[in-house]
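Secondary and tertiary structure notes
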Amino acid sequence: MTVTTTGSLPDEVYDVAIVGAGVVGTAIARELAGHRLRIALIEASDDVGDGTSKANTAILHTGFDATPDTLEARLVRDGYHRLNAYAAETGIPVEPLGALLVAWDTEQLAALPALADKAARNGYHLTRILGTDAVYAREPRLGPGALGALDVPGESIICPWTTTLAYATQAVRSGVHLHLHCAVRDIVPGDPHRVATTRGPLRTRHLVNAAGLHADTIDRLLGHTDFTVTPRRGQLIVFDKFARGLVNSILLPVPTALGKGVLVAPTVYGNVMLGPTAEDLDDKRATGSTAEGLALLREKGARIMPELLDEEITAVYAGLRAATEHGDYRIRAHPAQRYVSVGGIRSTGLTASLAIAAHVAGLLTGCGLDTGPARDLEPVRMPNLGEAFPRPYQRAELIAADPAYGTIVCHCERVTRGEIRDALTSTVPPGSLGGLQRRTRALGGRCQGFSCGADVRAQFDGHGASGTPSVEVRR
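Let me begin by describing the structure that accompanies this report.

Scoring rules and cut-offs
- Residues numbered from 1 in each chain as written.
- Predicted model: local features only at pLDDT ≥ 70, side-chain atom pairs only at ≥ 80, totals over all residues.
- Heavy atoms only, no water.
- Helix = DSSP H or I, 4+ residues; strand = E, 2+ residues; numbered from the N terminus.
- Buried < 20%, exposed > 50% of the residue type's maximum accessible area, 1.4 Å probe, protein only.
- Polar contact = N/O pair within 3.5 Å; in protein donor to acceptor, adjacent residues only side chain to side chain.
- Contact = heavy atoms within 4.5 Å.
- Bend = angle between axes of the 7 residues up to and from the residue.
- Axes fitted to C-alpha atoms, helices over the stretch in contact; angles between N-to-C directions.
- Left-handed = near helix turned anticlockwise from the far one by under 90°.
- Nonpolar A, V, L, I, M, F, W, Y, C, P; charged D, E, K, R; others polar.
- Pairing = 2+ DSSP bridges.
- Core = buried A, V, L, I, M, F, W, Y, C linked by side-chain atoms within 4.5 Å.
- Phe/Tyr/Trp six-rings, centres within 6.5 Å; stacked < 30°, edge-to-face > 60°.
- Lys NZ or Arg CZ within 6 Å of the ring centre and 35° of its normal.

Some remarks on the side chain of Asn 209
- Of note, Asn 209 is situated in strand β13 (residues 200–209).
- Accessibility expressed as a relative area gives 0% for Asn 209, which makes it buried.
- A polar atom in the side chain of Asn 209 sits 3.2 Å from the backbone nitrogen of Ala 211.
- Ignoring anything within four residues of it in the chain, the contact list for Asn 209 reads Val 19, Ala 215, Ile 218, Asp 219, Tyr 339, Val 340, Ser 341 and Val 342.

Set out below in structure tokens:
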């Protein structure tokens, strides 16, 4: 197993190098790890899933409202089934709550039959239109004035952090080299391609661009102008766990051209989320929240569920989605260059990730990659971060075997010393406190680390994870 964060890159020629270790890049690495190939996964940040993937709205979509006959519709539909099965195998928390597309005026109500028809065209036939009484029977705390809703029973909530980490863990354990703190500066196409990075040169025969917000920049280094990424900021408000009893389903608006709009949804961590906004920007680093954005969310939330706004807010955050000028994913192979570009992967990318990976593997074969025979990957079982499933502090047999699982460090999120220790010594350990939070939930509760911050940091620093760790384990 190899994860590196400092020093020069190995002096070897990889069969495939993947740029970007978000949910899509790690899924591609995992897919290719099912063959005996030399694979590099390179990431500019200090962790996997540290870009768009960490700020996903965390919904496992059925694809009911995708544009029919598009690549996105096909991959989301396929990915939904793949990820549901994978989550069950690996312990990624998923809760199938179902969704209601709520109509608040006569125009939205009139649009529901067309949305049900679109779902059927996308192969999803379980939707049904509910009247006002049925809607309020399902969601009694919904704001006044709802005229009806489209019920989509297959929509689920999922942990996006664990999903990306599971892919990366399985890939690294299967021989993929994960190189962090490794930003691409230039690419000289050839055989092999020569990729200049902040940690030195890397050589690879085939190249996959899964760089998310920066996918257009990488594409241009290869001489292509297929798309331009316009970062679309989505701000969200996370309400305290006391709000969880207010909502039973994922509450969606009737979608617009800018996206799915502002939703109210539970999270697998026991909170309730309101958002996102949809703001097209020029700055690919503008992940800060704004007073205007949060005011808009509160205005929307006041109509959807007024009681929610009386609850305490645990956190606010913003993520950037990789929107392009096209209405579909931009996944394209360039066989002459042995190069595949994976661009324009919006919020549905989490759901579609495993299907995108299989699709890209097929495109690489068309680019001349000889994958050889397939092999079974070593199974992985991820730590549970979901409130609907037993956590370590609730498991007497686990605590009896190791008392560290009975010693709570983060009381807001009920995170134990054993869980933090396990994260710090895992296959893909965190390079920052933010990474530790995504692996354990520590520091993510209502006090935002005020109470446990010093203890968590001491345990983090005590394992040598000072922000730029170097982990080099070979098997």
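A closer look at helix α8 (residues 349–366)
- Largest kink in α8: about 40°, centred on Ala 355.
- Three or more residues of α8 are buried, namely Gly 349, Leu 350, Thr 351, Ala 352, Ser 353, Leu 354, Ala 355, Ile 356, Ala 357, Val 360, Ala 361 and Leu 364.

Some thoughts on the environment of Gly 190
- Structurally, the position occupied by Gly 190 is in the loop between β11 (184–188) and β12 (193–197).
- In sequence terms Gly 190 and Arg 338 are 148 residues apart; their C-alpha atoms lie 9.2 Å from each other.

Quick notes on the packing of helix α10 (residues 417–424) against helix α12 (residues 453–462)
- The contact between α10 and α12 brings their axes to 10 Å, and the two run at 35°. The crossing of α10 and α12 is right-handed. Contact with α10, carried on its side by Arg 417, Ile 420, Arg 421 and Leu 424, involves Asp 455, Val 456, Gln 459 and Phe 460 of α12 and no other residues of that element.
- Partitioned by chemical class, the residues of the contact of α10 with α12 number four nonpolar, one polar and three charged.

Some details on the pairing of strand β6 (residues 99–103)
- Burial of β6 is extensive: five of the five residues sit out of reach of the surface.
- Pairing between β6 and strand β8 (residues 148–152): five bridges, direction antiparallel. Within β8, the position partnered with Ala 99 by the bridge is Val 152.
- Of the strand pairs in this sheet, β6 and strand β15 (residues 250–253) are connected by four bridges, and their pairing is parallel.

A word on the nonpolar core
- Ile 18, Ile 28, Val 342 and Ile 356 are the most contacted members of the largest nonpolar core, which has 57 residues in total.
- Going through the elements one at a time, β2 (13–19), α1 (23–32), β3 (39–42), α2 (71–90), α5 (160–173), β21 (339–343) and α8 are the ones with two or more residues in this core.
- With nine residues, α8 is the single largest residue contributor to this core.
- In this structure, Leu 150, Cys 159, Ile 250 and Leu 385 belong to the second largest nonpolar core, which totals 25 residues.

Re unusual backbone geometry
- In the segment running from Asp 191 into Pro 192, the intervening peptide bond is cis, with an omega of 10°.
- Take Pro 192: it is sitting in the loop between β11 and β12.
- The linkage connecting Gly 275 with the following residue, Pro 276, adopts the cis geometry, with an omega of 0°.
- Turning to its location among the elements, Pro 276 is positioned in the loop between β17 (272–275) and β18 (279–280).
- For Arg 414, which is not glycine, the phi torsion reads 60° and is therefore positive.
- Turning to its location among the elements, Arg 414 is positioned in the loop between β22 (408–410) and β23 (415–416).

Details of the packing of aromatic side chains
- A complete count under the given rule lists two aromatic pairs for this structure.
- Note on Trp 161 and Tyr 269: the rings are 4.9 Å apart at their centroids and 20° apart in plane angle, and the pair reads as stacked. Here Tyr 269 lies in the loop between β16 (263–266) and β17 and Trp 161 lies in helix α5, a separation of 108 residues in the sequence. Neither residue differs from the other here; Trp 161 and Tyr 269 are each classed as buried.
- Over the face of the ring belonging to Tyr 405 we find Arg 421, whose NZ or CZ atom lies 5.3 Å from the ring centre.

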